[in-house]
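As a plain string of letters, each chain reads:
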Amino acid sequence: WVSIKWAFGSFFVFGLLSAVLVWLFQNFFTSVIASLGVFSSFIGTQSDVNGLWIFVLLIIAQIALLPIFHWLVGKLGGKQPRHQTAKAIFYALVPYFLGGWIPFLGILSWFWSIYVEYAGLKVLQKFDLKKYILYVIGSLLIWVVLLAILAIPLIILVAIAVLLFSAITNSPPI
């Protein structure tokens, strides 16, 4: 398999490249394609959440959550050190970074990433398919819980901001 330096380097370089390509796609190519009327029903207008920030946050989240994911790998029987888990997780996102920004191809690249992660954990942590499925379920639960924990304060802050804005402007809240 690949070294930790190669896995993280590929993860970072292709993640950054993908973020730039997403930004270009959202800001330039979408406008051109939509003005031509080609696939206009499939392509929306500018997104409120720029793809660049999504990929930057994904990179930060993967690094920050690595100890939690490695803990999960250990609970499922993985005996190798953290850098082995990191290699599998970081390198597995490279296919998604390469094709995830392309409409319609993004789904295929996501499945390719899932396969690469499975292959990495199979070799590096001696996982079989059953352990990997449990790992995916556990990872999804971790993401859902963390997003819920982060969403609750955000919703409260937005509600407070709306109420304050409506009080300042003497207009009813939304």
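Preceding block: the structure.
Residues numbered from 1 in each chain as written. Predicted model: local features only at pLDDT ≥ 70, side-chain atom pairs only at ≥ 80, totals over all residues. Heavy atoms only, no water.

### Regarding the overall build of the protein chain
Then step 1. Within the protein chain, the secondary structure is distributed over 6 helices and 0 strands.
Then step 2. N-terminal to C-terminal, the α/β element order of the protein chain is α-α-α-α-α-α.
Then step 3. Looking at the protein chain residue by residue over its 174 residues, the buried ones come to 34%.
Then step 4. At a minimum sequence separation of 6, the contacts of the protein chain that also span at least 24 residues come to 67%. (Helix = DSSP H or I, 4+ residues; strand = E, 2+ residues; numbered from the N terminus. Buried < 20%, exposed > 50% of the residue type's maximum accessible area, 1.4 Å probe, protein only. Contact = heavy atoms within 4.5 Å.)

### Some thoughts on the packing of aromatic side chains
Then step 1. Counting across every chain of the model gives 11 aromatic pairs.
Then step 2. The interplanar angle of 70° and the centroid separation of 5.3 Å between the aromatic rings of Phe-8 and Phe-90 together place this pair among those described as edge-to-face. Of this pair, Phe-8 sits in helix H1 (residues 4-36) while Phe-90 is found in helix H3 (residues 82-92), placing the two residues 82 residues apart along the sequence.
Then step 3. Take Phe-90: its relative accessible area is 5%, and that puts it in the buried class.
Then step 4. An aromatic cluster of at least three residues, connected via ring pairs, comprises Phe-69, Tyr-118, Phe-127, Tyr-132, Tyr-135 and Trp-143. (Phe/Tyr/Trp six-rings, centres within 6.5 Å; stacked < 30°, edge-to-face > 60°.)

### Section: a nonpolar patch on the surface
Then step 1. Together, Phe-8, Phe-12, Val-13, Leu-16, Val-20 and Ile-63 give the surface a local cluster of nonpolar side chains, amounting to about 490 Å² of exposed area.
Then step 2. Of all the elements, H1 adds the most residues to the nonpolar patch, at 5 residues.
Then step 3. Tracing the backbone through its elements, the reader meets Ile-63 in helix H2 (residues 51-75). (Patch = residues over 30% accessible without salt bridge, like charges linked within 9 Å, V, L, I, M, F, W, Y side chains within 5 Å. Areas by Shrake-Rupley, 256 points an atom, 1.4 Å probe, with all protein chains shown as cover. Salt bridge = Lys/Arg side-chain N within 4 Å of Asp/Glu carboxyl O.)

### Description of H3
Then step 1. Judged by how many residues are buried, H3 sits mostly within the fold: 8 of 11 residues are covered.
Then step 2. Three or more residues of H3 are buried, namely Gln-84, Thr-85, Ala-86, Lys-87, Ala-88, Ile-89, Phe-90 and Ala-92.

### Considering the packing of H3 against helix H5 (residues 105-124)
Then step 1. Here H3 crosses H5 at 165°, and the two axes come no closer than 8 Å. Judged on the interaxial angle alone, H5 and H3 are roughly antiparallel. Like other packed secondary-structure pairs, H3 and H5 cross with a definite hand, here right-handed. The segment H3 lies against H5, with Gln-84, Lys-87, Ala-88, Ile-89, Tyr-91 and Ala-92 engaging Ser-113, Val-116, Glu-117, Gly-120, Leu-121 and Leu-124.
Then step 2. Residues belonging to the contact of H3 with H5 are distributed by class as follows: 7 nonpolar, 3 polar and 2 charged. (Axes fitted to C-alpha atoms, helices over the stretch in contact; angles between N-to-C directions. Parallel < 35°, antiparallel > 145°, perpendicular 65-115°, else oblique. Left-handed = near helix turned anticlockwise from the far one by under 90°. Nonpolar A, V, L, I, M, F, W, Y, C, P; charged D, E, K, R; others polar.)

### Describing the packing of H5 against helix H6 (residues 129-169)
Then step 1. Packing of H5 against H6 leaves a shortest axis separation of 10 Å and a crossing angle of 125°. Comparing the axis directions of H5 and H6 gives the class oblique. The crossing of H5 and H6 is right-handed. Of the residues in H6, those touching H5 at Ile-114, Glu-117, Tyr-118 and Leu-121 are Leu-129, Tyr-132 and Tyr-135.
Then step 2. Considered class by class, the residues forming the contact of H5 with H6 number 6 nonpolar, no polar and 1 charged.

### Comments concerning unusual backbone geometry
Then step 1. Although it is not a glycine, Lys-126 adopts a positive phi angle of roughly 60°.
Then step 2. Position of Lys-126 among the secondary structure elements: in the loop between H5 and H6.
Then step 3. A residue is classified by how much of its surface remains accessible, and Lys-126, at 59% relative accessible area, is exposed.

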